[in-house]
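Listed below are the residues making up each chain.
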Amino acid sequence: MRFTRPRHILPRPSLTLPTKETALLSIDAMSAAIGQQGILHDISFTVDRGDWLGIVGGSGAGKSTLLKAILGARRPARPQAGSMIFDGVLRPFAKGWSGRPKGIAYVPQSPTHGLDPLRRIKWQWTQLFRCKCCVADYKPIFTALGLPDPEMHFPHEWSLGMQQRLLLAMALVEEPKLLILDEPTSALDTVIAAQVLTEVERIARDKSIAVLMVTHDLALAARFSNQITIMEQGRIVESGPTDTVLNRPQHPYARDLVAHRAWQRAETANA
Amino acid sequence: MSSILKRVLGLVVVLLGISLITFTVSHFAPGDKAMAIAHARYPGEQGFAPEILQSIRDELHLEASFWEQYLRWLGAVLQGDFGVSYNTQSSVWSTFVGSIGETVTLSLTALVFGLAGAFALAALAVRRPGSLVDRLAIIVASIGSAMPIYWLSLLLILVFAVHLDWVPAYGTGTLAHLVLPTLALAFWLMASQTRLLRSFILDAYDQPFIETLRLRGISEAEIFFRHVLRHAMLPALTMIGLDFALLLEGAVIVEILFARSGLGALLATSVLSRDLPMVMLLVMFFATTYVVINTLIDIVQMASDPRQRQGGQPTEKSI
């Protein structure tokens, strides 16, 4: 007779480290490629509990590839080397794990990137929990974020700001330890983006959630982050506390970014 | 509601225009109509006496002016009278009602099988765009749309009726008679739909929220069946509506080839024998079907897109 082990006593694929590791998330010597073309090279950084890390870079710097790799996506770029430790669990990238680690939640850049326009809000909310066999009541978290009862509404019947706060609610309901924000200003108008970010700031402080924010806007990163990492062409070129990066940038690209920050601000003010 | 009213008004204008064009074409077509009708009425006879031809002209008002003839026809139609056949002298409406069943049966079975085939092929193809399966699906679709339907029908007859002798080559009546015509039409439909469905599905996959669903941990099957298909169906509905109308048209050719007693055979014989009332009724029927089906599809499409249903502005590209 063949004996099959029940799933829950199978050895866990990843290794649990002793808790002396204080960082919530630490990425070590990670690289990723699409086919033969390298996208990310030797990426290492850490996010402590309660930190707000801004990852800044132009388009093509590899910011979103990095973010997707952390969320466990294998496409389009495939992580090849390095490892990630999240909440004390080591995950080597070369081992080919996939799927989002529990405790990391993701807020997409805009409602177009996060909601199916043909499905009711309530349906999309319950879809989140269908696979996990539990139902979270939307009422407390919706009230906390100032959202009305979804009733039978479709996403387009809500304002963009409300839809974006809904996406935030969908991320927060899992009680994550790390919240990933993807380009929070690129697709929304600045007023809505600012409202949502202020909301995130308040909740992150209250519940001591660490935030990892990917953006092309150094001014935005400077406003919210306490740590800044600057990427260029798949490499980290500058990294440190916000003040240090802003006042004493070392790498030429970082210096360039910092020098044009005021100009960038003036342009957003005019727009 | 007002948009539906507009559609109905549009339908009336379209029908008037089409009736006028068809009437004009057959009125000014060369050849002696009385002679053609005499041949149809008395098959096998040669050289008709001038009195017979004249009596046909008088009976059918063939010598009246164009406008008089057209208005005479229109007035009768408005009272629900499509007239009697020039040839058989029986009511064209009852002949039409007697043959429509065959054509609708053929079109609907072909629609069901053709769409099922197209859907299966497209769903297989999009699993891995650019893969061997995908290319094979495109090749099958290209062959199908490059092949004229009458040639495909002849090949089917040759293989399955003549050589293999599995099904009858022509005729009407049993289910076996339906197999080859359905196969020909369904293959033709499948070919035209596969490539479209494939691109609609790929477009639906390109929407930015799909990526987020994956990151949330929603399974690929759920993404396909509960999200992608809905988005792909919106543009696909329009194409299916157009195709059903084309299918009726294709059915005409297929029916003639397989000698089925449907609208196709009726249209062919009445055009050749200058049976104007019959031709007018058939043309009106095809035009009405075309407009009505497309109106229905528009309504269904509007109802299935919440952004349009509630008068909201679609925020993303609509194909």
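Right, let's walk through the structure included here. (Residues numbered from 1 in each chain as written. Chains lettered and ligands numbered in written order. Predicted model: local features only at pLDDT ≥ 70, side-chain atom pairs only at ≥ 80, totals over all residues. Heavy atoms only, no water.)

## Things to note about the interface of chain A and chain B
Then comes step 1: Contact residues are listed per partner, giving 26 residues for chain A and 24 residues for chain B.
Then comes step 2: Carbon and sulfur atoms make up 56% of the area that chain A and chain B hide from each other, which totals about 2,300 Å².
Then comes step 3: For the chain A face of the interface with chain B, the top three residues by lost area are L118, Q127 and H156 of chain A, together amounting to 26%.
Then comes step 4: Our count for the chain A to chain B interface comes out at zero salt bridges.
Then comes step 5: The interface formed by chain A and chain B includes 10 residue pairs in polar contact (both at pLDDT 80 or more).
Then comes step 6: Elements supplying a minimum of two residues to the side of chain A that touches chain B: α2 (111-114), α3 (121-130) and α5 (160-172) of chain A.
Then comes step 7: The biggest single contributor to the side of chain A that touches chain B is α3 of chain A, with four residues.
Then comes step 8: Along the lines of polarity and charge, the residues of the side of chain A that touches chain B split into 12 nonpolar, five polar and nine charged. (Contact = heavy atoms within 4.5 Å. Buried area = accessible area lost by both parts, 1.4 Å probe. Salt bridge = Lys/Arg side-chain N within 4 Å of Asp/Glu carboxyl O. Polar contact = N/O pair within 3.5 Å; in protein donor to acceptor, adjacent residues only side chain to side chain. Helix = DSSP H or I, 4+ residues; strand = E, 2+ residues; numbered from the N terminus. Nonpolar A, V, L, I, M, F, W, Y, C, P; charged D, E, K, R; others polar.)

## Thoughts on the packing of aromatic side chains
Geometrically, a pair of aromatic rings is defined through the distance of the ring centres and the angle of the planes.
Then comes step 1: Within the structure shown, the criterion is met by 17 aromatic pairs over all chains.
Then comes step 2: Look at W52 of chain A and F224 of chain A: their rings are 5.4 Å apart centre to centre, the planes differ by 20 degrees, and that puts the pair in the stacked class. In this pair, W52 of chain A is assigned in strand β4 (residues 52-56) and F224 of chain A in helix α7 (residues 218-224), connecting sequence segments 172 residues apart.
Then comes step 3: The class for F224 of chain A is buried, based on a relative accessible area of 10%.
Then comes step 4: Aromatic side chains W125 of chain A and F142 of chain A sit 5.2 Å apart centroid to centroid with 85 degrees between the ring planes, which places their arrangement in the edge-to-face category. With W125 of chain A in helix α3 and F142 of chain A in helix α4 (residues 138-144), this residue pair connects regions lying 17 residues apart in the sequence.
Then comes step 5: Aromatic rings pair up to connect F23, F28, F66, W67, Y70 and W73 of chain B into one cluster.
Then comes step 6: Sitting over the ring of W123 of chain A, R119 of chain A keeps its end group 4.0 Å from the ring centre.
Then comes step 7: A cation sits over an aromatic face here: R223 of chain A above F224 of chain A, 4.1 Å from the ring centre. (Phe/Tyr/Trp six-rings, centres within 6.5 Å; stacked < 30°, edge-to-face > 60°. Buried < 20%, exposed > 50% of the residue type's maximum accessible area, 1.4 Å probe, protein only. Lys NZ or Arg CZ within 6 Å of the ring centre and 35° of its normal.)

## Notes on helix α3 (residues 50-59) of chain B
Two residues of an α-helix separated by three or four positions point the same way, owing to the 3.6 residues in each turn.
All names here are of chain B.
Then comes step 1: L53, I56 and R57 are the residues of α3 that are buried. On an axial view of α3, the arc spanned by its buried residues comes to 100 degrees, and they lie on one face.
Then comes step 2: Buried residues along α3 sit in contact with α2 (33-41).
Then comes step 3: Positive backbone phi, approximately 55 degrees, marks H61, located one or two places after α3. (Arc of directions from axis to C-beta.)

## Description of the environment of L183 of chain B
Residues and elements named next belong to chain B.
Then comes step 1: Structurally, L183 is set in helix α8 (residues 175-205).
Then comes step 2: Relative accessible area serves as the criterion here: at 39%, L183 is assigned to the partly exposed category.
Then comes step 3: Note: C-alpha distance between L183 and A40 (143 residues apart in sequence) is 33 Å.

## Some points on the nonpolar core
Then comes step 1: With 50 residues, the main nonpolar core has W125, F142, L166, L179 and L181 of chain A as its most contacted residues.
Then comes step 2: Per-element accounting of this core gives the leading share, eight residues, to α5 of chain A. (Core = buried A, V, L, I, M, F, W, Y, C linked by side-chain atoms within 4.5 Å.)

## Topic: the sheet that holds strand β7 (residues 104-107) of chain A
All names here are of chain A.
Then comes step 1: Spatial ordering of the open sheet is given by β7-β8-β9-β4-β10-β11, a layout of six strands whose pairing is mixed. Strand pairing shows two members of the sheet lacking a second neighbour, β7 and β11 (235-241), which therefore form its edges. Along the sheet, successive strands turn relative to each other by an average axial angle of 15 degrees, direction set aside.
Then comes step 2: Where β7 lies against strand β8 (residues 178-182), four bridges are found, and the strand directions are parallel. Of the residues in β8, the one forming a bridge with I104 is L178.
Then comes step 3: Contacting β7 and β8, α5 crosses the sheet at an angle of about 170 degrees to β7. (Pairing = 2+ DSSP bridges. Axes fitted to C-alpha atoms, helices over the stretch in contact; angles between N-to-C directions.)

## Remarks on a nonpolar patch on the surface
All names here are of chain B.
Then comes step 1: On the surface, Y150, W151, L154, L155, L158, V159, V162, L164, W166 and I253 cluster together to form a nonpolar patch covering roughly 960 Å² of accessible area.
Then comes step 2: Per-element accounting of the nonpolar patch gives the leading share, seven residues, to helix α7 (residues 149-163).
Then comes step 3: Here I253 is to be found in helix α10 (residues 220-257).
Then comes step 4: Looking at I253, the relative accessible area reads 36%, which means it is partly exposed. (Patch = residues over 30% accessible without salt bridge, like charges linked within 9 Å, V, L, I, M, F, W, Y side chains within 5 Å. Areas by Shrake-Rupley, 256 points an atom, 1.4 Å probe, with all protein chains shown as cover.)

## Description of the packing of helix α5 (residues 92-127) of chain B against helix α11 (residues 263-272) of chain B
All names here are of chain B.
Then comes step 1: Running from N to C, α5 and α11 cross one another at 130 degrees; their axes reach a closest spacing of 8 Å. Considering the angle they form, α5 stands oblique to α11. On α11, the residues touching T95, F96, S99, I100 and T103 of α5 are L263, G264 and L266.
Then comes step 2: Grouping the amino acids of the contact of α5 with α11 by side-chain chemistry returns four nonpolar, four polar and no charged. (Parallel < 35°, antiparallel > 145°, perpendicular 65-115°, else oblique.)

## As for the side chain of S83 of chain A
Residues and elements named next belong to chain A.
Then comes step 1: Along the chain, S83 turns up in strand β5 (residues 78-86).
Then comes step 2: Its relative accessible area of 16% is what places S83 among the buried residues.
Then comes step 3: For S83, the residues in contact, after removing those within four places along its chain, are S26, I27, D28, L90, R91, P92 and F93.

## Some details on the packing of α5 of chain A against helix α6 (residues 190-207) of chain A
Residue and element names in this part refer to chain A.
Then comes step 1: As a packed pair, α5 and α6 sit with axes 9 Å apart at the nearest point and diverge in direction by 25 degrees. Taken together, α5 and α6 sit at an angle that is classed as roughly parallel. For the element pair α5 and α6, the recorded crossing hand is right-handed. The residues of α6 that touch α5, namely those facing L160, G161, Q164, R165, L168 and L172, are I192, V196, E199, V200 and I203.
Then comes step 2: Tallied by class, residues from the contact of α5 with α6 come to seven nonpolar, two polar and two charged. (Left-handed = near helix turned anticlockwise from the far one by under 90°.)

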